Amino acid sequence: MELRTGNGYDVHLLADGLPFFLGGIRIEHTKGCVAHSDGDTLIHALCDALLGALALGDIGKHFPDTSDEFKGIDSKILLKRSYSLVKQEGYRLVNADCTILLQKPKIAPHINSMRSILSDILEVTPDRISVKATTTEGAGFIGREEAIAVYATVLVEKK
């Protein structure tokens, strides 16, 4: 059995009046991510982790923010395409572990929905997708509600 790990990290600035997407769902909030796509930071970090596990580059290589094709795109589409590249290499996801750094809003009520959406796209059961969140206790750009960051780690195995 051949196993590989990948790590992903994404950060987006937050601004008033923009829609807030995270983990494939829209969450009501006064701020949203400044981004070329829909700004789903969780999905972007997952894409980078998946691509990184197989040394396929990063999300910017495959879906550049200079391309009109990806302007405002639903990040779930980017995740599907990223996972398709993983499968083309003969691998499948074993599990994913994601940590969201965000002061507000609280996302605990949304975690099960996120896990369900992500597991459907990644063709695994929800128990293979971990989504957790933490604040920075008011410290730094995250604590000042200026940005959101997400870390993602994946394990993939050769089919």
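Please refer to the structure higher up on the page.
Because the structure is a prediction, the values reported are computed rather than measured.

Asks: What am I meant to see in the overall build of the protein chain here?
Replies: When its secondary structure is counted, the protein chain shows five helices and seven strands. Tracing the protein chain from N to C terminus, the helices and strands come up as β-β-β-β-α-α-α-β-α-β-α-β. In terms of its C-alpha atoms, the protein chain occupies a principal-axis envelope of roughly 45 × 35 × 25 Å. Across the 159 residues of the protein chain, 47% fall into the buried class. Sequence separation of 24 or more characterises 72% of the internal contacts of the protein chain that already satisfy a separation of 6 or more. Per element, the accessible surface of the protein chain, about 7,700 Å² overall, is 50% carbon and sulfur. In the protein chain, 18 positive and 21 negative side-chain charges are present, and the distance between their average locations comes to 3 Å.

Asks: Looking at this model, I keep getting lost on the side chain of histidine 36. Mind explaining?
Replies: Structurally, histidine 36 can be placed in the loop between β4 (31-33) and α1 (41-53). Side-chain polar atoms of histidine 36 contact the backbone nitrogen of lysine 71, separated by 3.3 Å. Setting aside residues up to four positions removed in sequence, histidine 36 forms contacts with Pro64, Asp65, Ser67, Phe70, Lys71 and Gly72.

Asks: What is the right way to look at the packing of aromatic side chains in this model?
Replies: In this description, an aromatic ring pair is defined by two values, namely the gap between the centres and the angle between the planes. Within the structure shown, the criterion is met by two aromatic pairs. With a centroid separation of 4.8 Å and 45° between ring planes, the pair formed by tyrosine 9 and tyrosine 151 is classed as tilted. Residue tyrosine 9 is located in strand β1 (residues 3-16), and its partner tyrosine 151 is located in strand β7 (residues 147-158); the two are separated by 142 residues in the primary sequence. On the basis of relative accessible area, tyrosine 151 is assigned to the partly exposed category, the value being 45%. Look at phenylalanine 63 and phenylalanine 70: their rings are 5.4 Å apart centre to centre, the planes differ by 80°, and that puts the pair in the edge-to-face class. Here phenylalanine 63 falls in the buried class, since its relative accessible area comes to 10%.

Asks: What am I meant to see in the sheet that holds strand β6 (residues 129-134) here?
Replies: What links the strands of a sheet is backbone hydrogen bonding, and the strands pair in either a parallel or an antiparallel sense. The five strands lie next to each other as β4-β1-β7-β5-β6, forming an open sheet whose pairing is mixed. Looking at strand neighbours, the two that pair on one side only are β4 and β6, the edges of this open sheet. Within the sheet, the average angular offset between the axes of one strand and its neighbour, ignoring direction, is 25°. One ladder, built from ten bridges, connects strand β5 (residues 91-101) with β7; its direction is antiparallel. Among the inter-strand pairings, alanine 96 is bridged to a residue of β7, identified as valine 154.

Asks: Which parts of the structure should I look at to understand the packing of helix α3 (residues 75-88) against helix α4 (residues 111-121)?
Replies: Two quantities define a packed helix pair, namely the angle between the axes and the distance from one axis to the other. Their axes nearest at 9 Å, the elements α3 and α4 cross at an angle of 40°. Put simply, α3 runs oblique to α4. Within the contact between the two elements, α3 uses Lys76, Leu79, Lys80 and Tyr83 and α4 uses Ile117, Leu118 and Ile121. Of the residues assigned to the contact of α3 with α4, the class counts are five nonpolar, no polar and two charged.

Asks: Would you explain α1 in this entry?
Replies: Counting along an α-helix, one turn takes 3.6 residues, and residues three or four places apart therefore face a common direction. Taking 1.5 Å per residue as the helical rise, α1 with its 13 residues ought to reach 18 Å, and the 18 Å between its terminal C-alpha atoms agrees with that figure. With twelve of 13 residues buried, α1 is to be regarded as a mostly interior element. Those residues of α1 not exposed but buried are Thr41, Leu42, Ile43, His44, Ala45, Leu46, Cys47, Asp48, Ala49, Leu50, Leu51 and Ala53. In the segment just after α1, alanine 55 is the residue with positive phi, at about 55°.

The rules we used
Residues numbered from 1 in each chain as written. Predicted model: local features only at pLDDT ≥ 70, side-chain atom pairs only at ≥ 80, totals over all residues. Heavy atoms only, no water. Helix = DSSP H or I, 4+ residues; strand = E, 2+ residues; numbered from the N terminus. Buried < 20%, exposed > 50% of the residue type's maximum accessible area, 1.4 Å probe, protein only. Contact = heavy atoms within 4.5 Å. Areas by Shrake-Rupley, 256 points an atom, 1.4 Å probe, with all protein chains shown as cover. Lys, Arg positive; Asp, Glu negative; His and termini not counted. Charge placed at Lys NZ, Arg CZ, Asp CG, Glu CD. Polar contact = N/O pair within 3.5 Å; in protein donor to acceptor, adjacent residues only side chain to side chain. Phe/Tyr/Trp six-rings, centres within 6.5 Å; stacked < 30°, edge-to-face > 60°. Pairing = 2+ DSSP bridges. Axes fitted to C-alpha atoms, helices over the stretch in contact; angles between N-to-C directions. Parallel < 35°, antiparallel > 145°, perpendicular 65-115°, else oblique. Nonpolar A, V, L, I, M, F, W, Y, C, P; charged D, E, K, R; others polar. Expected span 1.5 Å × (residues − 1).

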